[in-house]
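Topology and contacts: notes
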Amino acid sequence: MFYTIPDYYEEFRCIAGECEDTCCAGWQIVADEKSLEEYRQETGAYSAKLQQSVDWQNHTFRQDAEKRCAFLTEDNLCEMYQNLGADKLCRTCREYPRHTEEFEDVREISLSLSCPEAARLVLNKKEPVCFLTKERDGEEEFDGFDPFLYSKLTEGRQLIFEILQNRNLPMENRVILMLGLAFNMQTRVKGGHLFGCDEVFQKYRQQVHFSEAGRRAERWRRDFPRQMRFARKMFGNLRKLELLREDWERLLKETRVYLFGKGRRRYAQLTTDFRLWLYKDAPFDWNIVCEQLLVYYIYTYFCGAVYDEKIFVNAQMAAANVAVIWHLLAARWEKNEHTLDMEDVTEIVYRFSREVEHSEENLRIMWEMLEKEEKWFGTGRAR
Ligand code: SF4
């Protein structure tokens, strides 16, 4: 079995009570069978609390009216951990924020951006991320798993990493190239020509599409009405998502007012000023932050297309997520009277990730919306 992790993975440390948020509120924590059995058999002084605080029917931990886990203390520490030790935590609590994507004989592990400390680690990394793979004993066969498609997806993903980490190219060009490559792979796979992907890879390695991507990026940069239509649509969709935290709705509302409340001209002015500030005066390098976000989304989701062949939409999702984060930051910048720091970026990123990445239903709504928007960025027409 092969295990892959990003190179910053081992640096992660949970800061528990020092954390500005908690991962034990807002969403349902589902406990695994083995842990539930141990809780059932617990006979010590803590057993009464366990009996009351576990929802045995739904295999979850009960929550209070503010959706805080029944085991969470007022100072945001875990009472179960304090009384029974780390070994007794259920698998969800032991593993979070580690996230595992499962493939035949391969496990790809990431740190979820929904944890502020993990987000801080990812977003503050200056060098391009590399991925480390180790082999350990064990094999596993998955019914219906297509190893050939998986192999093409990993090859395509590696090429996307190289494009996204090509710091000689403007960021918009890298995004257009990522989308174009994914779109071309999708067309070959849909048409039953999986090995046609090799020709696509060759063209992108030889940089055949690089100048066309530059022209498309330039058209996109200048087309404010189109950017605004797309942003409005994305923010309209975000309103339809299952709400995990009440304060998220407030943030969305506030963002819509700042961005769209005064019409198209104001949107164009605000986003132009924000873009200028980001590249000239920001106390952080937005291109690097953006690169790390895109690499994170592609690493985590792209190869999942082996199960549904939805290659292009996974690349679209990466670009759309970054576009939404960018707009949330633009509104925050306006609210802060034209300033932002990395803590604002971290906060926006982890809150966005909590709402979108931890709900299957929310991910499905986002995917469906993006599938209907195939021509976004003009990429749908790429060869
Ligand atoms: S959100 Fe992250 S840092 Fe905060 S308590 Fe949870 S795991 Fe620890």
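From a predicted model like this one, the values you see are computed outputs, not experimental measurements.

**A closer look at the overall build of the protein**
For the protein, the count of helices and strands is 17 helices and six strands. Since a compact globule built from 383 residues should have a radius of gyration of about 21 Å, the 22 Å found for the protein is in line with a globular shape. With the C-alpha coordinates of the protein rotated into their principal frame, the extents come out at 70 × 55 × 35 Å. Among the 383 residues that make up the protein, the fraction classed as buried is 54%. Of the contacts formed within the protein by residues at least 6 apart in sequence, a portion of 76% connects residues at least 24 apart. Summed over its atoms, the accessible surface of the protein is roughly 18800 Å², and 47% of this surface lies on carbon and sulfur atoms. Counting 56 positive and 66 negative side-chain charges, the protein places the averaged centre of each group 9 Å from the other.

**Some points on the nonpolar core**
Of all hydrophobic cores here, the largest spans 129 residues; its most connected members are Phe-61, Met-178, Phe-284 and Tyr-297. Looking at this core element by element, the count peaks at 18 residues for helix H15 (residues 311-335). Split by domain, this core shows at least three residues from each of two domains, domain 1 (24-95) and domain 2 (147-381). Apart from residues lying up to four places away in sequence, Met-178 is in contact with Ile-160, Ile-163, Leu-164, Leu-294, Ile-298, Ala-315, Ala-318 and Ala-319.

**A short note on the domain arrangement of the protein**
Considered domain by domain, the protein is made up of domain 1 (24-95) and domain 2 (147-381). A straight line from the C-alpha centre of domain 1 to that of domain 2 covers 37 Å. The partner domain 2 presents five residues to the four residues of domain 1 that form the contact. Across the interface of domain 1 and domain 2, roughly 390 Å² is buried in total on both sides, 55% from carbon and sulfur atoms. Contact with domain 2 buries area across many residues of domain 1, yet Gly-26, Trp-27 and Lys-67 alone supply 87% of it, more than any other trio. For the pair domain 1 and domain 2, the interface holds zero salt bridges. Our count for the contact surface shared by domain 1 and domain 2 stands at one residue pair in polar contact (both at pLDDT 80 or more). For the side of domain 1 that touches domain 2, the per-class residue count stands at two nonpolar, one polar and one charged.

**Some points on the site of the ligand**
Neighbouring the ligand are the residues Cys-14, Ile-15, Cys-19, Cys-23, Tyr-96, Cys-115, Pro-116, Glu-117 and Arg-354. In the shell around the ligand, the residues fall into seven nonpolar, no polar and two charged.

**As for a negative patch on the surface**
Residues Glu-135, Asp-137, Glu-139, Glu-141 and Asp-143 make up a contiguous surface patch of negative charge. With respect to the secondary-structure elements, Glu-139 resides in the loop between strand S6 (131-135) and helix H6 (147-164).

**Some points on empty space enclosed by the protein**
Applying the stated rule across the entire model yields two cavities of 30 Å³ or more. In terms of lining, the second largest cavity is formed by Tyr-8, Val-122, Val-129, Phe-131, Gln-292, Val-295, Tyr-296 and Tyr-299. Its residues assigned to classes, the lining of the second largest cavity shows seven nonpolar, one polar and no charged.

**Looking at the environment of Ile-29**
Its location among the elements puts Ile-29 in the loop between strand S1 (2-6) and helix H1 (33-41). Take Ile-29: its relative accessible area is 6%, and that puts it in the buried class. Placed 249 residues apart in sequence, Ile-29 and Leu-278 show a C-alpha to C-alpha distance of 38 Å. Ignoring any residue separated from it by four or fewer positions in sequence, one finds Ile-29 in contact with Cys-23, Cys-24, His-59, Thr-60, Phe-61, Cys-69, Cys-90, Thr-92 and Cys-93.

How each quantity is defined
Residues numbered from 1 in each chain as written. Predicted model: local features only at pLDDT ≥ 70, side-chain atom pairs only at ≥ 80, totals over all residues. Heavy atoms only, no water. Helix = DSSP H or I, 4+ residues; strand = E, 2+ residues; numbered from the N terminus. Rg over C-alpha atoms; globule rule 2.2 N^0.38 Å. Buried < 20%, exposed > 50% of the residue type's maximum accessible area, 1.4 Å probe, protein only. Contact = heavy atoms within 4.5 Å. Areas by Shrake-Rupley, 256 points an atom, 1.4 Å probe, with all protein chains shown as cover. Lys, Arg positive; Asp, Glu negative; His and termini not counted. Charge placed at Lys NZ, Arg CZ, Asp CG, Glu CD. Core = buried A, V, L, I, M, F, W, Y, C linked by side-chain atoms within 4.5 Å. Domains from an automatic or database assignment. Buried area = accessible area lost by both parts, 1.4 Å probe. Salt bridge = Lys/Arg side-chain N within 4 Å of Asp/Glu carboxyl O. Polar contact = N/O pair within 3.5 Å; in protein donor to acceptor, adjacent residues only side chain to side chain. Nonpolar A, V, L, I, M, F, W, Y, C, P; charged D, E, K, R; others polar. Near = heavy atom within 4 Å. Patch = residues over 30% accessible without salt bridge, like charges linked within 9 Å, V, L, I, M, F, W, Y side chains within 5 Å. 1 Å grid on protein atoms, 1.4 Å probe; cavity = no way out; pocket = protein on both sides within 12 Å on 5 of 7 lines; lining within 4 Å. Points joined across faces, edges and corners; volume = space filled by probe spheres on them.

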